[in-house]
Amino acid sequence: MSAESQESKERKTLDDRAKMSELERIRHSCAHVMATAILRLWPEAQFAAGPPVENGFYYDLDMPHRISPEDFEKIEAEMKKEIKANNVFEKIVVTREQAIKDSESGRLGGLTERPGNPSKFKLGNLEAIPEGEPITYFKNGDFIDLCAGPHVMRTGNIGAFKLMNVASAYYKGDERNPQLQRIYGTAFKNKTQLEEHLKMIEEAKRRDHRKIGQEMGLFVIDTEFVGPGLPMWLPKGAAIVEELEKLAKETEFQAGYVRVKTPHIAKEKMYLTSGHLPILYKESMFPPMTLREGHGAQVVESLTSDINEEDLHNVVKRVRALSPEQKSVSEILRLIEDGLDNVLSGKSDPVFTGELRNDLLELMWRHTANAFGDICFSSPPERYYLKAMNCPHHHRIFAAEPRSYRDLPLRLAEYGCNYRYEQSGELFGLMRVRSLNMNDAHIYCTPEQFAQEFNAVNEMYLKYFKIFGFEKYIMRFSTHDPSRLTGDNAKFVNEPELWKQTEDMVRNTLKNSGINYVEVPNEAAFYGPKIDVQVWSVIGREFTLATNQVDFAVPKRFGLVYRDKDNTEKTPLCIHRAPLGTHERFIGFLIEHYAGNFPLWLAPDQVRVLTLNDDAALVNYAQPIVNELRANMVRASSDFGTDPIKAKIAEAEKAKVHTMLVIGARDMEAGAVSVRLHGKGNVGAKLKGEVVAEILQAIKARRA
């Protein structure tokens, strides 16, 4: 989840706020200064939330004027006035009653009271503050806002800042709430740091995976026919996908993993058992498909395909009123036809939803099961969900056979395709998608085996870092919040002893291995502690590469057991791990990390053989080189046409072909080729046999 989404959906605790870094305090304070400036220009503006986020801050607001980048200069001018005034950020503690009064008067999030313009979003924010928690304002100059802080001491402590862009966002991240304007900015301690950040942003734009992906022909997202967030890999992109999958399969085979394949859908019972439904993960899953067997179900489905809500309730009432002797197929169908006559003849607009139709069909199945028998309804309705994660399927594979301690650790690996219903506003190229191919695996082990298995996964990460050239990384160790095991605010499974045990195990493993990590509270998975692997690209952009999670709860829900040495049944621990994350997100990162200039082993166009002209002798010399490379599974192509060699090289450079082998008369006479590397130019002539051998060795070793 993005920092912005997390902020809108889950309020920071006072402890979280107290841990804000100096830079976060500067940015939070700058958000208040921006609000102050906007109010001086547009006093009617209504403000919602204004937190610091990764690389900056934002403030959500509502007002008739639509802010555009053309407004930034005058907003920034007002901000500079407030910073120059060096006003104190004054903390004021108030009662809830006073806060309600100030919201109703329009004073909160304003420069003065605003009769007839109450602070409507502040009332909503006030409701989110738990009873017993202090209610505080922060005041700078004339601006007062409902805020828990913290801030810098004075507005003059804000160093260098810049407004960045405008977007839209729903209040509190909920699509049912009003859509607001979101103004993004950034702030740093000084001008030098700001300029470095702005340069990095410009470089990031140049490396944008959506732009490079289109230029290189790697993937396409067809929103009209396929749907948003559902990328399709073009041949060159698919080549990268297959190379990554090959890398993972080889690495996992050497590490003792076995591969499995599972379906793309599963019954509702699967996710009810795992705990993903009905609450914990439902919002991220696609709606269910309801399947029914038998001819009667098809008849009813067709008759009710255009039913509207009013007619639905009338039919339901009439079906419920039937006496036992009336519950026959013919009587039910007659009632439906009578009740829906106006709809079927087109006299009313269909407003009925599939879910309501499902409810009717389920009701009819209950009322007519005896009368219909095996002819019409051979089984009750079943709900199926698209697979949002592979773990429940893997648990059922574990359960498919009796297991002994001798079978453990059991490492099940799969490149499973998952589907997650990300909100449309959060979709972003390959980084946030709705279909994702995950480098997933689940390790079932005993507590005694845990440390070695968990550390082996971390070592696999380090191996991948070296292959891809990731020099900066950190492991984020996420733990649970003991106060959120029960009650309406519950977020984690209620197993306090297992939480302590597994968190201690992970912590000790990290310490003993010497891996660089930080501990982050209240961000664990619902079923156990986890590690998020953070890496930085060559231009300094942070990225969540993968995850490594401990699961002590769900195997127990599925009744997974192994027979131990003492002949007793015990539940295994499960480690969820995905070192390469998903193809989509990881390739998006790699595109930006390499700026599309992939290493030879990963490049979609690995080698192109170019001749100076279309002379038959040159072509006859060059074609066997292409054939030999392709026989060794190298992605090699040729350009033997009549275009000038400079044009051929320019075309290959544009396509980001990694290695170009240029052949002229001299090369042919010497049994050689002239080698050019993308972005580096000519590196000299070598014997063709040596060049082919070097290419094959570089690909095999996956050299950067």
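Residues numbered from 1 in each chain as written. Predicted model: local features only at pLDDT ≥ 70, side-chain atom pairs only at ≥ 80, totals over all residues. Heavy atoms only, no water.

(A) Structural view of the pattern of salt bridges. Counted by the stated rule, this structure contains 37 salt bridges. Its salt-bridge partner being Lys81, residue Glu78 comes within 3.3 Å of it at the nearest N-O pair. On the criterion of helical spacing, the pair formed by Glu78 and Lys81 is a turn pair, its members being three residues apart in helix H4 (residues 72-85). For Arg432, the salt bridge is made with Glu422, and the minimal N-O distance between the two is 3.0 Å. (Salt bridge = Lys/Arg side-chain N within 4 Å of Asp/Glu carboxyl O. Helix = DSSP H or I, 4+ residues; strand = E, 2+ residues; numbered from the N terminus.)

(B) Examining helix H25 (residues 688-701) more closely. With 14 residues, H25 should cover 20 Å at 1.5 Å per step; its first-to-last C-alpha distance of 20 Å lies within 8% of that length. Listed in full, the buried residues belonging to H25 are Val691, Val692, Ile695, Ala698 and Ile699. Burial along H25 is one-sided: seen end-on, the buried residues are contained in an arc of 130°. Those residues of H25 that are buried lie in contact with strand E24 (607-611), helix H22 (616-631), strand E26 (659-663), strand E27 (672-677) and strand E28 (681-687). Looking at the residues trailing H25, positive phi occurs at Arg702, about 50°. (Expected span 1.5 Å × (residues − 1). Buried < 20%, exposed > 50% of the residue type's maximum accessible area, 1.4 Å probe, protein only. Arc of directions from axis to C-beta. Contact = heavy atoms within 4.5 Å.)

(C) Layout of the side chain of Glu252. Topologically, Glu252 is positioned in helix H9 (residues 235-254). In contact with Glu252, other than residues within four places in its own chain, are Tyr257, Arg259, Ala413, Asn439 and Arg577.

(D) Molecular detail of the nonpolar core. In terms of nonpolar packing, the biggest core is built from 104 residues, with Phe468, Phe586, Leu590 and Leu661 touching the most fellow members. Here this core takes nine residues from helix H18 (residues 447-468), the largest share from any one element. Among all residues touching Leu590, those that are not within four sequence positions of it are Leu244, Phe468, Phe470, Ala595, Phe598 and Leu602. Formed by 31 residues, the second largest nonpolar core is a distinct cluster that contains Cys30, Val33, Leu39 and Ile183. (Core = buried A, V, L, I, M, F, W, Y, C linked by side-chain atoms within 4.5 Å.)

(E) Just the packing of helix H3 (residues 22-41) against H4, in detail. Contact geometry of H3 with H4 gives a least axis separation of 8 Å together with a crossing angle of 115°. Judged by the sense of rotation from one axis to the other, the crossing of H3 with H4 is right-handed. Residues Cys30, Val33, Met34, Thr36, Ala37, Ile38, Arg40 and Leu41 of H3 form the contact with H4, whose participating residues are Lys74, Ile75, Glu78, Met79, Lys81, Glu82 and Ile83. (Axes fitted to C-alpha atoms, helices over the stretch in contact; angles between N-to-C directions. Left-handed = near helix turned anticlockwise from the far one by under 90°.)

(F) How the structure looks around the layout of surface pockets. Here the second largest pocket defines a volume of roughly 620 Å³. In terms of lining, the second largest pocket is formed by 25 residues, of which the most central are Leu600, His658, Leu677, Lys680 and Ala704. Breaking the lining of the second largest pocket down by element, the ones donating at least two residues are helix H21 (583-594), E27, E28 and H25. Ranked by the residues each element gives to the lining of the second largest pocket, the list is headed by H25, at four residues. Per-class residue counts for the lining of the second largest pocket are 13 nonpolar, seven polar and five charged. (1 Å grid on protein atoms, 1.4 Å probe; cavity = no way out; pocket = protein on both sides within 12 Å on 5 of 7 lines; lining within 4 Å. Points joined across faces, edges and corners; volume = space filled by probe spheres on them. Nonpolar A, V, L, I, M, F, W, Y, C, P; charged D, E, K, R; others polar.)

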